[in-house]
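# Understanding the architecture of this molecule
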Amino acid sequence: MTSIDLNADLGEGFGRWRLTDDEGLLSIVTSANVACGFHAGDPPTMRRVCELAAERGVTVGAQVSYRDLAGFGRRAMDVPPAELAAEVAYQIGALEVFARAAGTRVAYVKPHGALYNRVLRDEEQAAAVVDGVLLAGGALPVLGLPGSRVLERAAGAGLPVVPEAFADRAYTDRGTLVPRGQEGAVVAEPESVVARSVELARSGTVTALSGAVVEVRARSLCVHGDTPGAVDLARRVRERLEASGVRVEAFA
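Conventions and cut-offs
- Residues numbered from 1 in each chain as written.
- Predicted model: local features only at pLDDT ≥ 70, side-chain atom pairs only at ≥ 80, totals over all residues.
- Heavy atoms only, no water.
- Helix = DSSP H or I, 4+ residues; strand = E, 2+ residues; numbered from the N terminus.
- Rg over C-alpha atoms; globule rule 2.2 N^0.38 Å.
- Buried < 20%, exposed > 50% of the residue type's maximum accessible area, 1.4 Å probe, protein only.
- Contact = heavy atoms within 4.5 Å.
- Areas by Shrake-Rupley, 256 points an atom, 1.4 Å probe, with all protein chains shown as cover.
- Lys, Arg positive; Asp, Glu negative; His and termini not counted.
- Charge placed at Lys NZ, Arg CZ, Asp CG, Glu CD.
- Pairing = 2+ DSSP bridges.
- Right-handed = clockwise from strand over helix to strand, strands pointing away.
- Core = buried A, V, L, I, M, F, W, Y, C linked by side-chain atoms within 4.5 Å.
- Expected span 1.5 Å × (residues − 1).

## A short note on the overall build of the protein chain
- In terms of regular secondary structure, the protein chain is built from eight helices and 10 strands.
- A compact globule built from 252 residues should have a C-alpha radius of gyration of about 18 Å, and the protein chain, at 17 Å, falls within 12% of that.
- Taking the principal axes of its C-alpha atoms as reference, the protein chain extends roughly 40 × 40 × 35 Å.
- Taking all 252 residues of the protein chain together, 54% fall into the buried category.
- For the protein chain, long-range pairs separated by at least 24 residues make up 72% of all intrachain contacts whose partners lie at least 6 apart in sequence.
- Surface exposure of the protein chain reaches about 10,600 Å², of which carbon and sulfur atoms provide 51%.
- Charged side chains of the protein chain number 27 positive and 32 negative; the gap between the two group centres comes to 2 Å.

The following block contains the structure:
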């Protein structure tokens, strides 16, 4: 049977502000990319999400980013490699404290936002992210786009790699994500997101913005938690996947 992991970005609040319905999404997804305080999240939020994830058997991952709370980690930044590696390790270590206290552990790492996009092609920044994962200790899997530099670097360092896809983001003909600033970059129509999820899981393909069918082989599928109606959409995605004969289960 075909299987796929369903992940979501969670814990993306700060102080009194909450951006994601963490409790609702944790009843649906199999892996939680938890913000570690650099683009969103704070200690109480990290602790709460880890506890909820542990209660529900959801795998915890560290979503690491540039230090950019004001820009939600989506602004381009130039960070020296040694500094970036230390900051990646710092974020993983911070989340690990709360994960262990909740009776679970950090099981993988996923870059966020501008860092995620940067390490698709930037060899130096990709190497720094991998160095940070190694510095944090343990052979943690790295989650990213198929063919990205960060996955190549991670595999070269002996780390497990997990290619992922996005049902609610538009793709280029090269299998990369259409930049958010471009018209049509986000797929908003719920039925389209659900249908694309099944297409990605069952055939390993997605229809690009141009209309071309592009190969995207993924082990994990991301549903964004900060979109309107995210919980209902994630539930519909999971239900349709399972109805289509796809087993939804964590990769780690």
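Following the structure, the description resumes.
## Details of the side chain of Thr30
- Within the secondary structure layout, Thr30 lies in the loop between α1 (22-25) and β2 (31-35).
- Apart from residues lying up to four places away in sequence, Thr30 is in contact with Asp5, Leu6, Val58, Thr59, Arg238, Val248, Glu249 and Ala250.

## Points about the pairing of strand β6 (residues 161-166)
- Here strand β5 (residues 142-144) pairs with β6 via three bridges, running parallel. Bridge assignment links Gly144 to a residue of β6, and that residue is Pro163.
- Chirality of the crossover, the property in question, places the unit of β5, helix α6 (residues 149-156) and β6 among those that are right-handed.
- As judged from the three bridges shared by β6 and strand β9 (residues 220-222), these two strands associate in the parallel manner.

## Quick word on the nonpolar core
- Leu26, Ile92, Leu95, Leu221 and Leu241 are the most contacted members of the largest nonpolar core, which totals 72 residues.
- Top element by residues in this core is helix α3 (residues 81-101). It accounts for six residues.
- Within the second largest apolar cluster, five residues are counted, among which are Ala107, Tyr108, Leu143 and Phe251.

## Re the environment of Glu242
- Turning to its location among the elements, Glu242 is positioned in helix α8 (residues 230-243).
- Given the relative accessible area of 41%, Glu242 is considered partly exposed.
- Separated by 142 residues in the primary sequence, Glu242 and Arg100 have C-alpha atoms spaced 31 Å apart.

## Quick word on α3
- The end-to-end C-alpha distance of α3 is 31 Å, a good match for the 30 Å that 21 residues give at a rise of 1.5 Å each.
- What α3 keeps buried is the set Leu84, Ala85, Glu87, Val88, Ala89, Gln91, Ile92, Leu95, Glu96, Phe98 and Ala99.
- As for α3, its buried residues are in contact with β2, α2 (43-56), β3 (59-64), β4 (106-111), α4 (113-121) and α5 (123-136).
- Trailing α3 by a residue or two, Gly103 shows a phi angle of about 90°, which is positive.

Functional significance is not addressed by these values, which are geometric in nature.
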